[in-house]
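Spelled out, the chains give:
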Amino acid sequence: MAKIKTVAYIGWRGNIEFEPIELHNHFTGLVGVSGAGKSTLGLALAYALLPDKTCLNIRPITQLNDLSQSNVDQLGSRVDDLYGYAYVILDIESRDKSRLIAGIFVRATDNASQISKWAITGVPDDYSLQELFRVIEGDEQSYPDLTLLKQEVSTKGFDFHPFQTIGDYCRVLHEAGILPTPMEQKDDRILYGKLLETAFHGGISAEVSKRLKSYVMPEATRIPKSVSELRECVNQALQTKRALHEATVQLDTLKGICQTGKEIVLTAYLSVQHHRQSLTKKTYLVRYKIRELKVSLYKSKDESPRLDKIITETNQALRNATQAKYSEKEQLQRDISNTEDLKREQEKELSDKKNDLKKLTNGNKAWANNAGIHASLNWQEAVDRINKEIESDKKKLYQLDLDIENLQKQIAILSSSANSPKSEALAQVFDHPSLTHTLDHVSDSDARAFEIMLHGLTDGVIGIEPEQLLSISPSDDLPDLFWIGRNAPDPSDVEAIGDWYVMPSLGGHTVMSKDRALLFGKQSRLDRISKYEGEINSLSKFRIEQSETVRVLETQHNQLYEHKEIIQYYFDHKGKQIEWESACDKAKETIEHYLQEIHKFHLRRSDLEREINNLAEKYQDQLESLSKQKSTLERRIILAETELTQETSKYDELRPQCKTISHKYRACRAVVSDNLYLRNGLLDFSECMLSDKEYPVSQTKNIDRLAASLALDKTTDFSFLAAIDVNDYEHCASVWSELIHLMHERMPAELLDRDFDDLINEMEQRRNTLRERVTLHEGKVKVQARNIASSITQEINSHSRRISNLNSLGNNIHFGNATGIQIKVSKKTGMMSLLDVMAEQTDLFANDDRPIEIIMREFFEGALATKLEGVDLLDYRAYVDLGIEVRRRGSDWKPAAELSGGESIGCGLAFALMLFRSLAARGDFRVSDMMPVFVMDELNRIDPAGQQLIAEFCAKEGIQLIITAPAMEPSHEFKLYTLARNYDGREQLVVRELRGFHH
């Protein structure tokens, strides 16, 4: 069996030297921290197996959900920047035990990396792989790019083979026993690429599941042969049918000419004869009606002037009777308008006075609501008085804030004192109380005196003598300067001078600020803090009350400014209130008087309108009667004139029509008279009389029927029928000469001399003979259609057995709770039944010269009510569904879903092996000679026990597996390499074999 003995890397990120990794026969591990380069080496190896980025797109698991990496060139981005190129080298032991060295050369570019494929042959087994690629010049060694490498390898006496196509490179690896197929077809590369991707990520990907049929069910070989034989039988049947069709066309053409043509001509002749007789009679009747209309029109025109005179006299009598009443009505309207104008003036005066009174009331209300105790003053005096009160209260607030702030400062000063940790440490060393602890309860004055006496020194211990200092040593925990004594010091007198306290000392005076925070007298400070906090609370409450007083005064001040205008209006006009109220009462009385006058005017106007209406009704009845008589007379005159014009025009139209129809009648009669066949046919059509509406419809149908008969013969030119005007009798009759011409072109003269009925009988006998031959050929087509259905069924059964053999690989695996994995084959019984039904329907194929796949697609779509591809229906794979099933402990086979990490990885590896062997079975070599190579990223998703199961599975089934993980602790035979990166001036990848972990 073939295998990859070593994979070597040059030029990958940090890979500045030649890095060989000797592979275990079955299980090799790469471990290291995140970013060490494990995924890079695994990814690069995968592309060395299939260097086609259009079919292989591996992204490490850590980048699968990183959208920023979706368009990154995974190879080019991993090439070392200083190198600019990189190698992946495969040292392969072929099926025949010969040595093959192959791999890829990757050059990084701005947009996408370029991959070159190559192989080296003729290298002895003991020749160093590193020496083959290394160039030594003096003390320097290098690994050149591909162009120089080719020269160096040739110089060393070995054969270097560059490959222009991916197929050429993959074919070499296939022949060596590494790839399952030569990968010359892109479909094979896509399948193998998805297989590498799903193995790399661990599990069974959706892409592999989607393409499952392509992996395990190759294209059939028997079905195309059956399709070819069916097509041959169909062609024989179609040839006979075409002969039958030609005979039928010739017979239908003869019948169409002899029967339909005769019907067109005789229908036209009899119709034009009937039309001529009808038109002549119609012309006489129109001429008689014209004379009657002229007599009636003269009488009506004499009556019109008399009616006009009576109507004029009646209208004048109506105007005379109503003229005086209209004049009085117009005067009343003017009186109403004048009185309404006076009323509106009084209403405006009333509205103005009401507005003045309202403003006066609003001003009084605003002043009363906001002046308060200052209502006896004017507006300006009240505002000034309130401003002074606001200013005085704000000063009080400011003083309160200062008092509170001073108290808070005192509290801060008193709170800032704290015991020294070093002083406490000193007290613990001597086991005596500290100076500050002893003086916690002294008064403020004593505490101040002690600190002045000690010159600010507060660290110390009471109860020890200087000799006791021998027992301790200076340290960071103890103060550098402190006081000791057997007893506490006695306070001295302190004098207050300004902001300072003064005490005689050392021939002078020690001075302390009154603001100094004292450390001694802790209890006294706490008492003072409590006192100050109580004073702050009292001041704060008083401040809230004072703030509310200021807010009320400011609101009062703002309201006075806001209503200044109406308040001033109140002061300026409050003496006019009685005058304005009197004016309002007077205006109301005047308005009421005007309303009464207007009401009287409206009553009189209503009386006048009734009187005018009564007069109008009296004369209107007379006028309406006269108008009706006049309208009736005018309509009668108009109708008579219109009808006379119409009848005259009709007569003018009928005269030339009579001449034209007579001409067409003579032309049609000539056609019928010159042909004995047509004359004899008149007896059959003598009772067929069509109306003007029925005639064009009947002739159109006849011409369409004739065109259909002639169209059966593709060589016949019947375009002359399109020019026939069915409404033109002469045109229709002219068809006969064209039809006789067609018969002369297609039939021998001796046949035309025979009786037409005998000729038709003879042609019908020939057509019946051809029909019998068609039936014979259709039987052969039915047999071949059955063969196609049988071939599809055989292919399905054959590949179902092959899949069962593949399933044996996964029936006994154990990963987690999973105890087996298999491919489930489900036949589409509905479609296969339709396939059998279709094979029995010979007419589907024998009567249709379209491709068989199109005929099948229409049949299946009609039965299943769904869209299908005809080519797929000739593919046996369209009649089965494949699914992936997993068996768990205590359960039967179920669809593979919700697998744990370990189950997914283990089952996925077994499934990848099944698909690899399915692909390999299509080639010319034995499957047992092929060594599947898979790369798996991030095996940390499975525990050590699961790793051992995978290793045992690889050894049992003959798989080379390269895995990556942060760390591994397996207990099985394998090879383990650790990866790390150094950053000493330049990034460097370090690969070391951990020899203690394999056997």
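Check the entry above for the structure.
Residues numbered from 1 in each chain as written. Predicted model: local features only at pLDDT ≥ 70, side-chain atom pairs only at ≥ 80, totals over all residues. Heavy atoms only, no water.

Participant: Explain the sheet that holds strand E14 (residues 508-513) to me, and be specific about the residues and the numbers.
Facilitator: Across a sheet, strands are paired by hydrogen bonds formed along the backbone, either parallel or antiparallel in direction. Spatially, three strands are ordered E12-E13-E14 in an open sheet, and the strand pairing comes out antiparallel. Only two strands of the sheet have a single neighbouring strand rather than two, namely strand E12 (495-497) and E14. Adjacent strand axes in the sheet meet at a mean angle of 35°, parallel and antiparallel pairs treated alike. Pairing of strand E13 (residues 500-505) with E14, which is carried by six bridges, proceeds in the antiparallel orientation. Across the sheet, the residue bridging to Tyr501 is Met512, located in E14. Relative to E13, helix H12 (residues 444-453) is tilted by about 50°, and along the sheet it contacts E13 and E14. (Pairing = 2+ DSSP bridges. Helix = DSSP H or I, 4+ residues; strand = E, 2+ residues; numbered from the N terminus. Axes fitted to C-alpha atoms, helices over the stretch in contact; angles between N-to-C directions. Contact = heavy atoms within 4.5 Å.)

Participant: How would you summarise unusual backbone geometry if you had to cite specific residues and measurements?
Facilitator: You will see that Lys97, though not glycine, has its phi angle at about 70°, which is positive. With relative accessibility at 49%, the residue Lys97 sits in the partly exposed group. In the Ramachandran plot, Met183 falls in the positive-phi region, its phi being about 60° despite a non-glycine side chain. Here Met183 falls in the buried class, since its relative accessible area comes to 0%. (Buried < 20%, exposed > 50% of the residue type's maximum accessible area, 1.4 Å probe, protein only.)

Participant: Describe the packing of aromatic side chains, listing the residues and the values that go with them.
Facilitator: The final tally for this structure, using the stated rule, is 15 aromatic pairs. Three or more aromatic residues joined by ring pairs make a cluster, and in this case those are Tyr83, Tyr85, Tyr87, Phe105, Trp118, Phe133 and Phe160. In this structure, Arg95 packs its charged tip against the face of Phe925, placed 3.8 Å from the ring centre. Just above the ring of Tyr569 sits the side chain of Lys359; from NZ or CZ to the centre is 4.2 Å. (Phe/Tyr/Trp six-rings, centres within 6.5 Å; stacked < 30°, edge-to-face > 60°. Lys NZ or Arg CZ within 6 Å of the ring centre and 35° of its normal.)

Participant: Break down empty space enclosed by the protein for me, with residues and values.
Facilitator: The final tally for this structure, using the stated rule, is two cavities of 30 Å³ or more. Roughly 40 Å³ of volume is contained in the largest cavity. If you tally residues by element for the lining of the largest cavity, the top one is helix H8 (residues 222-371), at three residues. When grouped by side-chain class, the residues that make up the lining of the largest cavity number three nonpolar, four polar and one charged. Counted as a void, the second largest cavity has a volume near 30 Å³. Partitioned by chemical class, the residues of the lining of the second largest cavity number seven nonpolar, no polar and no charged. (1 Å grid on protein atoms, 1.4 Å probe; cavity = no way out; pocket = protein on both sides within 12 Å on 5 of 7 lines; lining within 4 Å. Points joined across faces, edges and corners; volume = space filled by probe spheres on them. Nonpolar A, V, L, I, M, F, W, Y, C, P; charged D, E, K, R; others polar.)

Participant: Report on the side chain of Asp393, specifying residues and quantitative values.
Facilitator: As for its placement among the helices and strands, Asp393 is situated in helix H9 (residues 379-415). This buried residue, Asp393, is left without a salt bridge; Lys396 holds the nearest opposite charge, at 4.1 Å. The residues contacting Asp393, other than those within four sequence positions of it, are Gln546, Thr549, Val550 and Leu553. (Lys, Arg positive; Asp, Glu negative; His and termini not counted. Salt bridge = Lys/Arg side-chain N within 4 Å of Asp/Glu carboxyl O.)

Participant: I'd like a rundown of the pattern of salt bridges, residues and numbers included.
Facilitator: This structure, assessed with the given rule, holds 35 salt bridges. Here Lys97 makes a salt bridge to Glu93, at a shortest N to O gap of 3.2 Å. The partner of Glu554 in a salt bridge is Lys394, and the shortest N-O contact between them spans 3.1 Å. One end of the pair, Glu554, is in helix H13 (residues 522-562); the other, Lys394, is in helix H9, and 160 residues separate them in sequence. Accessibility expressed as a relative area gives 29% for Glu554, which makes it partly exposed. Salt bridges linked by common partners bring Arg95, Arg926 and Asp929 together as one network.

Participant: Please set out H13 residue by residue, giving values where relevant.
Facilitator: The terminal C-alpha atoms of H13, which comprises 41 residues, lie 58 Å apart, in line with the 60 Å expected from a rise of 1.5 Å per residue. For H13, the set of buried residues is Ser524, Arg525, Ile529, Tyr532, Ile536, Gln546, Val550, Leu553, Gln556, His557 and Leu560. (Expected span 1.5 Å × (residues − 1).)

Participant: Describe the sheet that holds strand E3 (residues 27-31), and please don't skip the residues or the numbers.
Facilitator: Reading across the sheet, the five strands line up as E18-E19-E3-E20-E21 and stay open at both edges, with mixed pairing between neighbours. Only two strands of the sheet have a single partner each, and these edge strands are strand E18 (933-936) and strand E21 (987-993). Strand-to-strand, the axes of this sheet are offset by a mean angle of 20°, without reference to chain direction. Bridge count between E3 and strand E20 (residues 975-983): four bridges; the pairing is parallel. Looking at the pairing, Val31 lines up with Thr978 of E20.

Participant: For helix H10 (residues 421-430), give the residues involved together with the corresponding values.
Facilitator: Residues of H10 that are buried: Ser423, Ala425, Leu426, Ala427 and Phe430. Once H10 finishes, Asp431 follows within two positions and takes phi at roughly 60°, a positive value.

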